[in-house]
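So the chains spell out like this:
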Amino acid sequence: MGFRKKNKSPPVLSHEFVIQNHADMVSCLAMIILLGLMFEVTAKFAIMFITVQYNVTQVLDEKSEPVNLYQYGPKDVATVFFYLLIAVILHALIQEYILDKMNRRLHLSKTKHSKFNESGQLAAFYLFSFIWGCSILTAEDFATNPTFLWEGYPHTHMVFQVKFFYICQIAYWLHALPELYFQKVRKEDIPRQLYYICLYVVHITGAYVLNLHRLGLVLLVPHYLVELLFHASRLFYFSDENKQKGFTLWALLFVIARLLTLTLSVLTFGFGLPRTENQGFSLAEGNFNVLTVRMTCLAAICLTQAWMMWKFINFQLKKWREHSQNQASKKKTVSPKSKPHKREPARGGAANGVVKSEDKTSPRARKAKAS
């Protein structure tokens, strides 16, 4: 992690040196790009990295003021790269000043430590993205007009908030790839994380390039809410293993989110887009409303949802088996306590090895009588 003071400094440019100081190196690179704004020669190149490109001014009515809209283009790669650097820096800050301090208090094992860091980073990102996405959807007024998902396609123009949202989303998920190396993720966890990172990059970039940013935004917001609940529940579980109620609510919302995703996708690609006026394929106009593209997008979404449901079912079965095994082991180790029975007195008046006599005369009298 960056921003740490180490007692022993590793050799320069070694793996350990890069891992410990990667945030400082990235900060220097981002600072160089920002310093480029100070000089006229480099300012036009630095602006390409920092600001959102492809601004288009439109006048809707003669009386209304002009509106600034945005398109996408090749220069967006530079913008994504700069905000990828910012994501690496923020990742290191959250790890250093929040998660590491919590880990020291909890004293987690290595496996739980890795999962705790993963959930902490993702929970912060999902919370921020969910709030941001909700604010954009509120402005678009999607709740009262669901047909805006396909009306007027191709949606080549975006407001600033929508374009910047997609730039930040792509940058964050791309930054997660080098973080697998910087965070020393265990080898057995790398394939699992690579799967969902690549799925996010492909789906979000596809929605951005194919001018389906409206549908992509509507599908991302409920998905991020479900993922936020899962990782928040896992954080509470690591702090106290008795806190598992959040997983029940997550399981319910997970299924609802999958059904909502499939419903909106079928509605958009199966009924909405085929009925729009602009049919055809044109890279210049940004129109991809042909049967091949629609079916490919729908198939990709359906396969992803099926894969997620398969993983979800396996997770629930594994959890149920572990619970049943724990219950069985508890029954074996803790046997029912038997109630103590009262011991019956021995025949002839003997109890507890002592013979009781019914003769109440004194010992001297009994001795005299015996003699």
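As a reminder, the structure under discussion sits directly above these lines.
Just so it is clear, the model here is predicted, and its values are computed rather than measured.

Here is what the cut-offs are and how they apply
- For every chain, the first residue of the written sequence is number 1, and numbering continues from 1 along that sequence.
- At least 70 in pLDDT is required for a residue's local features to be given in this predicted model, at least 80 for side-chain atom pairs to be given and counted, and no such filter applies to totals for whole chains, interfaces and linings, which use all residues.
- No hydrogens and no water enter the side-chain calculation; it runs on all heavy atoms of the structure.
- By definition, any uninterrupted DSSP run of H or I lasting at least four residues is a helix, any uninterrupted run of E lasting at least two residues is a strand, and each is numbered from the N terminus.
- Exposure classes here rest on a 1.4 Å probe applied to the protein chains alone. A residue is buried below 20% of its type maximum, exposed above 50%, and partly exposed in between.
- Contact criterion: two residues are considered in contact whenever any of their non-hydrogen atoms come within 4.5 Å of each other.
- For the area figures, the Shrake-Rupley method with a 1.4 Å probe applies, and any residue is considered shielded solely by the protein chains shown.
- Note on terminology: a nonpolar core comprises buried Ala, Val, Leu, Ile, Met, Phe, Trp, Tyr and Cys residues joined through side-chain atoms within 4.5 Å.
- Helix span, expected: 1.5 Å multiplied by one less than the number of residues in the helix.
- Bend is the name given here to the angle between axes fitted to two runs of seven residues, the run ending at a residue and the run starting at it.
- Two rings belonging to Phe, Tyr or Trp (six-membered ring only in the last case) form a pair when the distance between their centres is within 6.5 Å. Interplanar angles under 30 degrees mark stacking, angles over 60 mark edge-to-face geometry, and anything in between is tilted.

## What to know about the overall build of the protein chain
Secondary structure summary: the protein chain contains 10 helices and 6 strands in total. Across the 371 residues that make up the protein chain, the buried fraction comes to 38%. Nonlocal contacts in the protein chain, meaning residues at least 24 apart in sequence, comprise 69% of its contacts between residues at least 6 apart. About 23,700 Å² of surface is accessible on the protein chain, with carbon and sulfur atoms providing 64% of the total.

## Some words on the nonpolar core
Counting residues in each nonpolar core, the largest one holds 62 residues, and the members touching the most others are Y126, Y166, W173, I204, L212, Y224 and F269. Of all elements in the fold, only helix 1 (15-35), helix 3 (76-106), helix 4 (110-140), helix 5 (160-182), helix 6 (190-209), helix 7 (213-239), helix 8 (245-272) and helix 9 (291-333) reach the threshold of two or more residues within this core. For this core, the element with the most residues is helix 5, which contributes 11 residues. For Y224, the residues in contact, after removing those within four places along its chain, are F125, Y126, S129, F130, Q169, W173, Y200 and I204. Counting 9 residues, the second-largest nonpolar core is a separate cluster that includes V226, F247, A251 and F254.

## What to know about the side chain of Q305
Within the fold, Q305 resides in helix 9. What makes Q305 buried here is its relative accessible area of 9%. Once you skip the residues sitting within four places of it in the chain, Q305 turns out to touch R258, T261 and L262.

## Here we look at helix 1
A rise of 1.5 Å per residue sets the reference length of helix 1, with its 21 residues, at 30 Å; its end C-alpha atoms lie 29 Å apart and thus fit the reference within 8%. Of all the bends in helix 1, the greatest measures close to 65 degrees and is centred on N21. Among the residues of helix 1, V18, I19, Q20, N21, H22, A23, V26, A30 and I33 are the ones counted as buried. Those residues of helix 1 that are buried lie in contact with helix 2 (40-50), helix 3 and helix 5.

## A look at the packing of aromatic side chains
Tallied over the full model, the rule gives 35 aromatic pairs. Relative to F165, the ring of W132 has its centre 5.2 Å away and its plane inclined at 80 degrees; by these criteria the two rings are edge-to-face. One end of the pair, W132, is in helix 4; the other, F165, is in helix 5, and 33 residues separate them in sequence. Judged on exposure class, the residue W132 and its partner F165 are both buried. Each ring, one from F254 and one from F312, has its centre 4.6 Å from the other, and the planes form 15 degrees; the classification is stacked. Separated by 58 residues along the polypeptide, F254 in helix 8 and F312 in helix 9 bring together distant segments of the chain. The same class applies to F254 and to F312, which are both buried. Within the aromatic cluster, the residues linked to one another by ring pairs are Y70, Y72, F82, Y83, F128, W132, F160, F164, F165, Y166 and Y208.

Everything listed here is a matter of geometry and, on its own, says nothing about what the molecule does.
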